[in-house]
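Take a look at the letters that make up each chain.
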Amino acid sequence: MAHSRSPAAYPNSNRIMKLFLCLLFLAAVQAAIVPAVNPIAHFHPSVLNAAKPRGRNVTINGVLTYVSLPKKKFDKTTAVLLLTDVFGLPSPDNLLLADEWAAAGFQTFVPDYLNGDAIPMDGDFTTWLPNHGEAQTTPPLLAVIKALKKRGIKKIAATGYCFGGLYVTRLVQNNTITVGTMAHPSLLNVPTDFDLMKEISHIPVEINNAELDTGFTPAVAAQTDGVMANGQYTPGYLRRQFDGVAHGFAVRANASDPVQVAAKQGAFDTSLAWIKSHLE
Ligand SMILES: *[C@@H]1O[C@H](CO)[C@@H](O)[C@H](O)[C@H]1NC(C)=O
Ligand SMILES: *[C@@H]1O[C@H](CO)[C@@H](O)[C@H](O)[C@H]1NC(C)=O
Ligand SMILES: *[C@@H]1O[C@H](CO)[C@@H](O)[C@H](O)[C@H]1NC(C)=O
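Throughout what follows, the structure given in this document is the object of discussion. (Residues numbered from 1 in each chain as written. Chains lettered and ligands numbered in written order. Predicted model: local features only at pLDDT ≥ 70, side-chain atom pairs only at ≥ 80, totals over all residues.)

### Thoughts on the nonpolar core
Ranked by internal contacts, the top residues of the largest apolar core, which has 66 residues, are L81, L82, A98 and F249. The element contributing the most residues to this core is helix α5 (residues 163-173), with six residues. Once residues within four sequence positions are removed from consideration, A98 is found in contact with G55, Y66, S68, L82, T108 and V110. (Core = buried A, V, L, I, M, F, W, Y, C linked by C-beta atoms within 7 Å. Buried ≥ 20, exposed ≤ 12 C-beta atoms within 10 Å, placed from the backbone. Helix = DSSP H or I, 4+ residues; strand = E, 2+ residues; numbered from the N terminus. Contact = placed C-beta atoms within 7 Å.)

### A closer look at the site of ligand 2
In the neighbourhood of ligand 2, the contacting residues comprise P53, R56, N57, Y66, L89 and P90. Partitioned by chemical class, the residues of the shell around ligand 2 number four nonpolar, one polar and one charged. (Near = placed C-beta within 6 Å. Nonpolar A, V, L, I, M, F, W, Y, C, P; charged D, E, K, R; others polar.)

### As for the environment of A246
On the secondary structure map, A246 appears in the loop between β10 (237-242) and α8 (258-279). Its 19 C-beta neighbours within 10 Å are what place A246 among the partly exposed residues. For the pair formed by A246 and N209, sequence separation is 37 residues and the distance between their alpha carbons is 8.6 Å.

### Structural notes on helix α4 (residues 134-150)
In a regular helix each residue adds 1.5 Å, so 17 residues correspond to 24 Å; α4 covers 23 Å between its end C-alpha atoms and thus fits that length. Within two residues after α4, G152 carries a phi angle of roughly 100°, on the positive side. (Expected span 1.5 Å × (residues − 1).)

### Let's talk about the pairing of strand β4 (residues 78-83)
Across the six residues that make up β4, a large majority, five, are buried. Here β4 runs beside strand β6 (residues 155-161); their pairing, made up of six bridges, is parallel. Bridge pairing links V80 to A157 in β6. With two bridges joining them, β4 and strand β5 (residues 108-111) adopt parallel strand pairing. Residue pairing in the sheet places L81 in a bridge with F109 of β5. Running through helix α2 (residues 92-103), the crossover from β4 to the neighbouring parallel element β5 is right-handed. (Pairing = 2+ DSSP bridges. Right-handed = clockwise from strand over helix to strand, strands pointing away.)

This is the structure:
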């Protein structure tokens, strides 16, 4: 770069400003948005799951919400908030996953934060995504959380999958929930979102990632550990990688593939243990 004036001619504050902008630029280069993985890449269509969702659709504070309750007596002051992938409530896999959380003893709420516009299996992701940014997704999410708190629910454990990982991240950053878990998150800014988490949050967080994920790759996971692991994130951090599986593995598995079945169960068990240990 050619300068028309010698650097000495710049006032000191100007030089500091240039250094600052340079650092900012370097930070921007290093931070990368975890891409949203195309729906087609995380759909494993083979599982013909005979199970029917057990819960009900209700409207909570104006937002369609799938609610699944435990069969046995449960603690009415805690709840699991399940934040789905882009397939939303129309995907039985998401509802059956909510039923699993209910079977584990938690009243479970799945808000339709996709505003009745979950992507169809053959949908065009690139035109869908701009209509489902934080501006559109956050208001219904917060409307449901507000209503749950008003009902006397004091502790919310949020569990987010793919697209839902971004919103668990926001709820952790904003200290809105008691504990968070996510699986194969997308759309995060790594490491920036975790730097921010470390700076402002006191909420423990757990991540399940897939070895074969093309979005939240093992390299991105390692970058996340660089900010969070080894006691750096004092509220609590755990990451577990599942080998031989791809994006979406914690939501749907091919029932004939033991590796996928075990990984899905392992992710659930890991998130459940994390949530239980941080709700007590
Ligand atoms: C499901 O897994 C079985 C066993 O590995 C495999 O033969 C089958 O092709 C898989 N189905 C799909 C749709 O991936
Ligand atoms: C809940 O609503 C979703 C989205 O409209 C629908 O696909 C699903 O079948 C409904 N589930 C139940 C149990 O009514
Ligand atoms: C978190 O807080 C930020 C900053 O106030 C806000 O813009 C965002 O909508 C919040 N998101 C959620 C999910 O609470």
